[in-house]
Amino acid sequence: MNHIAFADQPQESMHHPQGFFSKYVWSLDHKVIAIQYGVTAIMVGVLALVLSGLMRLQLGFPDTFSFINPNTYLQFMTMHGMIMVVYLLTALLLGGFGNYLIPLMVGTRDMVFPYLNMLSYWTYLLSVIVLMASFFVPGGATGAGWTLYPPHTLLPGTPGHELGIIMMLVSLGIFIVAFTMGGLNYVTTILQARTKGMSLMRMPLTLWGIFTASLMGLLAFPALLVAAIMMMLDKLAGTSFFMPALMSMGEAIDHSGGSPLLYQHLFWFFGHPEVYIVALPAFGMVSDVLATHARKNIFGYRMMVWAIVIIGGLSFVVWAHHMYVSGMNLSFGFFFATTTLIIAIPTAIKVYNWVLTLWRGNLHMTVPMLFAIGFIFTFTHGGLSGLFLGNVAIDVPLADTYFVVAHFHMVMGVSTVMVLFAAIYHWYPLISGRMFNTALGKWHFWVTFVGTYTTFLPMHYLGFLGLPRRYFSMGEAAYVPESAHSLNAGISISAIIVMLAQLLFIANVIWSLKKGPRAGHNPWGATSLEWQTPDVPPKHGNWGEKVPEVHRWAYDYSVPGVKADFIPQNMPSEAVEMEDDSPQGERS
Amino acid sequence: MSLIAKLTEKSWEPAHTGVMHAGPGQPQTSKKIALGIFMVIISVLFTLFFLTFITHSQYPGFQALAAEPWSPFYNTGRLWMNTALLVGASVAIHAALISARRGAQGPTLIALVITLFFSAQFVIAQIWLWRHLTGMGYGFTTNPANSYFYLLSAIHALHLLGGVAVLVRATWLNWQGTALARSAQSIKLCASYWHYLLALWLVLFALMTASPETYNTIAALCGLEVDL
């Protein structure tokens with residue numbers, strides 16, 4: 001039997017792990033691996049959050065904290081960015097939610113390559129360990145900024161230019177290997193292991209988001225790998241792929257003929273799709289949360305699917321909008337501005353469809369729903385400032401100012417985190433079998449939602465003033481008015497309040513694991529397959545004796561004439577209970 | 001059902017009750033898909049390397065490896081010899097596949113061992129070639145063109161060694177007398193990978209031995225020419 005993929009095995013033939021280690025540590029079960037990914041990513045994300053708090057302390061109250069100096073500030077900034085984008089968001093959305101939800105939503109017992117899946121997590125953990133170790137090597141972690149642009153990344157004057165950068169590049173390389181193993185699994189499982197009746201267009205949008213993002217990751221991460229390998233060789237072997245001839249500290253360096261611009265192209269060929277690798281799973285998950293809690297089918301399902309795929313494709317031809325100030329040819333600027341603005345079309349379709357899903361819906365203002373609606377606000381906000389920056393003429397004066405910081409935090413930081421919270425609260429009852437505390441959850445939402453606005457909205461104004469990002473201290477510059485300093489202090493206070501509010505979330509998750517009321521079966525009345533498992537939380541093998549069969553799409557909510565306000569995907573038409581006065585089959 | 005038909009399906013219509021998706025595919029198909037995607041990833045990786053190589057070829061100081069009669073790859077004899085080894089490996093693994101499909105265990109095993117032998121020989125010959133280049137003064141860091149040759153051939157060899165690890169397992173299973181049908185499935189995947197790596201090597205070969213004029217033409221076609 002060992003040559004039959006795990007996904008296809010009947011329940012009775014599956015090997016159920018017995019010992020603690022095989023069950024919870026070296027587990028092949030996608031749910032355990034998902035939780036391992038999730039917990040590791042959240043832990044490393046909390047560290048990145050603390051780093052941002054330290055940066056805000058320095059910016060809001062300069063010359064107050066002696067343990068933050070220009071070098072440590074740059075290290076905090078670099079590690080905050082890299083951890084948040086790669087090690088938290090990518091890992092949690094795809095490694096965490098992807099792992100948990102794919103087999104359950106497609107109706108199979110596990111990933112098609114469970115062993116590779118386990119290997120993917122342990123490789124990811126290794127990349128995190130190497131990254132964390134870089135804090136402790138001589139010279140500390142790299143402080144080159146998360147983009148790691150050469151030549152300054154490798155030159156004296158940048159913190160961590162010796163060992164820190166090597167550790168960072170090694171860690172990224174390991175992460176990419178881990179992601180490739182995971183991504184191959186996610187894509188193949190969705191293509192191959194869908195249960196009977198689960199056609200592509202019956203899949204919940206969560207799966208479409210994860211599927212497209214995984215494919216994009218598999219195609220985009222090689223660019224980062226290429227850049228990392230070549231930079232590593234510049235650093236260790238003395239090649240000149242990226243390092244030009246230049247004087248450093250009064251001496252000519254040993255390199256000549258390299259092109260720093262080439263690195264920027266490679267980095268952003270990965271970097272821009274990465275935005276959507278993070279955003280698309282979030283788009284998918286928020287669609288499902290909105291539809292479930294509005295008790296309404298998602299508006300324009302087919303358009304939503306196409307928008308995900310089109311956004312995924314377009315995101316590979318916009319990368320150089322991150323490089324408008326690098327001295328590129330004007331016609332290139334025109335091309336990339338045009339492609340960038342075209343992305344706004346499918347994105348806007350999605351936003352309209354989310355709003356139209358809410359329109360006249362039976363809105364249940366649960367905690368996941370609050371976060372999902374919060375996302376529509378923050379994403380629209382961040383998306384609109386993106387329209388400014390997509391235009392070359394507006395981007396040039398705003399480049400490297402706090403306007404950019406405000407934009408990308410709203411669009412891919414806050415928005416994605418809003419969806420992550422919506423998703424965690426939404427699927428928590430399934431994963432843990434318990435309900436969380438609603439009051440704590442609502443406090444968590446309101447402080448986070450209002451707090452992120454009071455943090456990032458004023459940054460747009462600082463950007464208009466011309467305040468540069470990545471500076472340790474603004475100093476006494478004529479263009480920086482006193483009010484900007486006060487604003488900075490205000491931003492810092494609000495950021496720290498938001499940071500502390502996350503303790504409510506952590507406390508809620510931990511407390512509810514033991515003390516939360518039992519969730520029971522399908523507490524939200526959702527249609528998709530993951531809620532239809534015989535056990536909550538689902539046991540090893542997910543489906544008991546028989547895998548489910550799918551009879552409909554994932555959005556049969558409030559169907560006219562039907563007694564219940566939802567019809568699970570695995571319910572055959574003849575089993576649907578109709579209202580007494582409604583003849584069967586009139587539900588269209 | 002075609003992809004277009006799949007993507008234009010109106011899955012929300014209540015009349016739409018027919019089961020269109022038959023259920024999970026075969027494990028062997030999953031492996032084939034995964035290998036296909038993996039080869040696409042490797043292709044992306046090498047395409048990006050090639051593009052950066054072409055960009056570098058436009059900078060002053062870049063010395064193409066086949067530019068002048070005294071350049072190391074002006075005479076491509078050694079490279080052809082290495083290529084012949086990889087072709088040998090590819091032919092041998094194909095022979096193994098045919099034998100496995102016919103159910104002939106002995107010839108399959110012999111062909112697999114020959115594949116492993118040729119593959120190992122190829123890697124050794126590549127190392128020998130590097131030593132030869134270094135001996136001629138074309139070191140890793142002396143010119144970007146050299147750096148690219150060492151780097152790309154090393155990454156190609158690493159991918160081959162990864163394949164060798166899988167093939168050793170397949171050979172072991174064959175030796176142990178595992179059902180030939182199963183072993184043929186593994187050999188089929190390995191054969192696709194070997195042919196792919198041969199094709200990749202041929203592209204790499206062509207790129208490294210091309211003339212500066214060819215680089216300029218490719219650069220112009222890709223919009224990568226640099227005005228300095």
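Student: An account of the overall build of chain A is requested, with residue identities and associated values reported.
Tutor: Looking only at helices and strands, chain A has 14 helices and two strands in total. Computed over its C-alpha atoms, the radius of gyration of chain A comes to 24 Å, within 12% of the 25 Å expected for a compact globule of 588 residues. In terms of its C-alpha atoms, chain A occupies a principal-axis envelope of roughly 85 × 55 × 50 Å. Buried residues in chain A amount to 63% of all 588 residues. A separation threshold of at least 6 residues defines the contact pool for chain A, and within that pool the share at least 24 residues apart is 78%. Summed over its atoms, the accessible surface of chain A is roughly 21,600 Å², and 69% of this surface lies on carbon and sulfur atoms. The distance from the centre of the 25 positive side-chain charges to the centre of the 27 negative ones in chain A is 8 Å.

Student: Which residues make up the overall build of chain B, and what are the values?
Tutor: If you tally the helices and strands in chain B, you get seven helices and zero strands. For chain B, the N- to C-terminal ordering of α and β elements is α-α-α-α-α-α-α. For chain B, the spread of C-alpha atoms along the three principal axes comes to 70 × 55 × 20 Å. The burial tally for chain B puts 47% of its 228 residues in the buried class. Of all intrachain contacts in chain B linking residues separated by at least 6 positions in sequence, the fraction that spans at least 24 positions is 79%. In chain B, 11 side chains carry a positive charge and 6 a negative one; their mean positions are 28 Å apart.

Student: So what about the domain arrangement of chain A? Which residues, and what values?
Tutor: Interface size is commonly expressed as the accessible area that is lost once the parts come together. Residues and elements named next belong to chain A. Domain parsing of chain A yields domain 1 (27-198) and domain 2 (520-588). With 16 residues of domain 1 at the contact, the number on the domain 2 side is 18 residues. Run the count over domain 1 and domain 2 and you get zero salt bridges. Inspection of the domain 1/domain 2 interface yields 11 residue pairs in polar contact (both at pLDDT 80 or more). Contributing elements (two or more residues each) for the side of domain 1 that touches domain 2: α2 (30-60) and α3 (70-106). Element by element, the count of residues in the side of domain 1 that touches domain 2 is highest for α3, at six residues. Of the residues that constitute the side of domain 1 that touches domain 2, the class distribution is seven nonpolar, five polar and four charged.

Student: Talk me through the interface of chain A and chain B; I want residue IDs and the actual numbers.
Tutor: On the chain B side, the residues contacting the 52 residues of chain A number 45 residues. Counting the surface lost from both chain A and chain B, the interface buries some 4,100 Å², and carbon and sulfur atoms represent 72% of this. Looking at the side of chain A facing chain B, the largest losses of area belong to Q192, F241 and R302 of chain A, adding up to 14% of the total buried there. Linking chain A to chain B there are zero salt bridges. Counting across the chain A and chain B interface gives 10 residue pairs in polar contact (both at pLDDT 80 or more). Of all the secondary-structure elements, those providing two or more residues to the side of chain A that touches chain B are α5 (163-192), α6 (205-236), α7 (260-294) and α8 (301-314) of chain A. No other element matches α6 of chain A, which puts 10 residues into the side of chain A that touches chain B. The residue makeup of the side of chain A that touches chain B, split by class, is 30 nonpolar, 15 polar and seven charged.

Student: Give a description of the pattern of salt bridges that names residues and reports values.
Tutor: Residues and elements named next belong to chain A. Using the criterion set out here, one finds seven salt bridges over all chains in the structure. Between D556 and R552 there is a salt bridge, with the nearest N and O atoms lying 3.0 Å from each other. Pair check on accessibility: D556 and R552 agree, each one buried. Of the charged contacts in the structure, one is a salt bridge between K563 and E577, with a shortest N-O distance of 3.4 Å. With K563 in the segment after α14 (482-515) and E577 in the segment after α14, the pair connects residues that are 14 residues apart, well separated along the chain. Residue classification places E577 among the exposed residues on the basis of a relative accessible area of 53%.

Student: Tell me about the environment of H485 of chain A, and please be specific about residues and values.
Tutor: Residues and elements named next belong to chain A. With respect to the helices and strands, H485 occurs in helix α14. Measuring from C-alpha to C-alpha, the distance between H485 and G475 comes to 9.8 Å, with 10 residues separating the pair along the chain. The contact partners of H485, leaving out residues within four places of it in the chain, are M474, G475 and V480.

Student: How would you explain the packing of α3 of chain A against α6 of chain A if you had to name every residue and give the values?
Tutor: All names here are of chain A. At a minimum axis separation of 10 Å, α3 and α6 run at an interaxial angle of 130 degrees. Relative to α6, the element α3 is oriented oblique. Note on packing geometry: the crossing formed by α3 with α6 is left-handed. Residues T90, L94, F97, G98, L101, I102, M105 and V106 of α3 pack against T206, L207, I210, A213, S214 and F221 of α6.

Student: Please give an account of the packing of aromatic side chains that cites residues and values.
Tutor: For the coordinates displayed, the defined rule picks out 68 aromatic pairs over all chains. Between F269 of chain A and F316 of chain A the ring centres are 5.7 Å apart and the planes differ by 55 degrees, which places this aromatic pair in the tilted class. With a gap of 47 residues between them, F269 of chain A in helix α7 and F316 of chain A in the loop between α8 and α9 (330-358) connect regions that are remote in the sequence. We note that F269 of chain A, like F316 of chain A, is buried. Above the plane of the ring of W128 of chain B lies R78 of chain B, whose end atom (NZ or CZ) is 4.9 Å from the centre.

Student: Residues and numbers for the nonpolar core, please.
Tutor: All names here are of chain A. One finds Y87, Y124, L148, Y301 and W354 to be the most contacted residues of the largest nonpolar core, which totals 250 residues. Top element by residues in this core is α3. It accounts for 23 residues. Two domains share this core, each providing at least three of its residues, namely domain 1 (27-198) and domain 2 (520-588). Dropping the residues within four chain positions of it, W354 is found in contact with F283, V286, S287, L290, I298, M304, F375, I376 and F379. V559, V562, V576 and M578 belong to the second-largest nonpolar core, a separate cluster that totals five residues.

Student: Can you tell me about α6 of chain A, naming the residues and giving the values?
Tutor: All names here are of chain A. The end-to-end C-alpha distance of α6, which contains 32 residues, comes to 45 Å, matching closely the 46 Å that a straight helix rising 1.5 Å per residue would cover. Along its length, α6 reaches its greatest deviation from straightness, about 30 degrees, at L218, and the proline P222 lies no more than four positions downstream. Extensive coverage of α6 is indicated by the burial of 28 of its 32 residues. Phi turns positive one or two residues past the end of α6, at G238, with a value near 85 degrees.

Student: Please give an account of helix α5 (residues 144-175) of chain B that cites residues and values.
Tutor: All names here are of chain B. With 32 residues, α5 should reach 46 Å at 1.5 Å per residue; the first-to-last C-alpha distance of 45 Å fits that figure. By the N-cap criterion, in which a side-chain oxygen at the helix start approaches the backbone nitrogen of a residue two or three places on, α5 is capped by N143, the distance to A145 being 3.1 Å. Phi for G177, located one or two positions after α5, is positive at around 85 degrees.

Student: Break down the environment of H409 of chain A for me, with residues and values.
Tutor: All names here are of chain A. Along the chain, H409 turns up in helix α12 (residues 402-432). For the pair H409 and G382, spaced 27 residues apart in sequence, the C-alpha separation works out to 7.7 Å. Non-local contacts of H409, meaning those with residues more than four positions away in its chain, are made with H80, V414, S415 and F456.

Cut-offs applied
- Within any chain, residue numbers begin from 1 and follow the written order of that chain's sequence.
- Each chain gets a letter, beginning with A, and each ligand a number, beginning with 1, in the order they are written.
- Side-chain atom pairs in this predicted model are given and counted only at pLDDT of 80 or more, local residue features only at pLDDT of at least 70, and totals for whole chains, interfaces and linings cover all residues.
- Just so you know, side-chain values use all the structure's heavy atoms and leave hydrogens and water out.
- The secondary structure listing takes helices from DSSP runs of H or I that are at least 4 residues long and strands from runs of E that are at least 2 residues long, numbered from the N terminus.
- Using C-alpha atoms as the atom set, the radius of gyration is obtained and then compared with a globule rule of 2.2 Å times the number of residues to the power 0.38.
- Only protein chains enter the accessibility calculation, which uses a 1.4 Å probe. A residue is then buried if its area is under 20% of the maximum for its type, exposed if over 50%, and partly exposed in between.
- Whether two residues are in contact is decided by their heavy atoms: any pair within 4.5 Å suffices.
- Accessible surface area values rest on a Shrake-Rupley calculation with a 1.4 Å probe, where residue burial reflects the displayed protein chains alone.
- Charged residues are defined here as Lys and Arg on the positive side and Asp and Glu on the negative side; His and the ends of the chain fall outside this count.
- Charge positions come from single atoms, namely NZ of Lys, CZ of Arg, CG of Asp or CD of Glu.
- The start and end points of each domain follow an automatic or database-based domain assignment.
- For this analysis, a salt bridge means a side-chain nitrogen from Lys or Arg found within 4 Å of a carboxyl oxygen belonging to Asp or Glu.
- Distance and chemistry together define a polar contact, namely a pair of N or O atoms within 3.5 Å, with one atom able to donate a hydrogen and the other to accept it when in protein, and with adjacent residues in sequence counting only for side-chain atoms on both sides.
- Gly counts as polar in this scheme, as do all residues outside two lists: the nonpolar Ala, Val, Leu, Ile, Met, Phe, Trp, Tyr, Cys and Pro, and the charged Asp, Glu, Lys and Arg.
- For any pair of parts, buried area is found by adding up, for both, the accessible area (1.4 Å probe) each one loses once the two are put together.
- Between the N-to-C directions of two axes lies an angle of 0 to 180 degrees, each axis being a line fitted to C-alpha atoms and, for a helix, fitted only over the stretch in contact.
- Roughly parallel here means an angle under 35 degrees, roughly antiparallel means over 145, roughly perpendicular means 65 to 115, and every remaining angle is called oblique.
- Definitions for this section: a left-handed crossing has its near helix turned counterclockwise from the far helix by less than a right angle. A right-handed crossing has that turn clockwise.
- Each Phe, Tyr or Trp ring (for Trp, its six-membered ring) is paired with any other whose centre lies within 6.5 Å, and the angle between the two planes then decides the class: stacked below 30 degrees, edge-to-face above 60, tilted in between.
- In our convention, an over-ring charge means Lys NZ or Arg CZ found within 6 Å of a ring centre and within 35 degrees of that ring's normal.
- Buried residues of nine kinds, namely Ala, Val, Leu, Ile, Met, Phe, Trp, Tyr and Cys, make up a nonpolar core once their side-chain atoms join them within 4.5 Å.
- Helix span is expected to be 1.5 Å times the residue number reduced by one.
- Two axes enter the definition of the bend at a residue: one is fitted to the seven residues ending there, the other to the seven starting there, and the bend is the angle between them.

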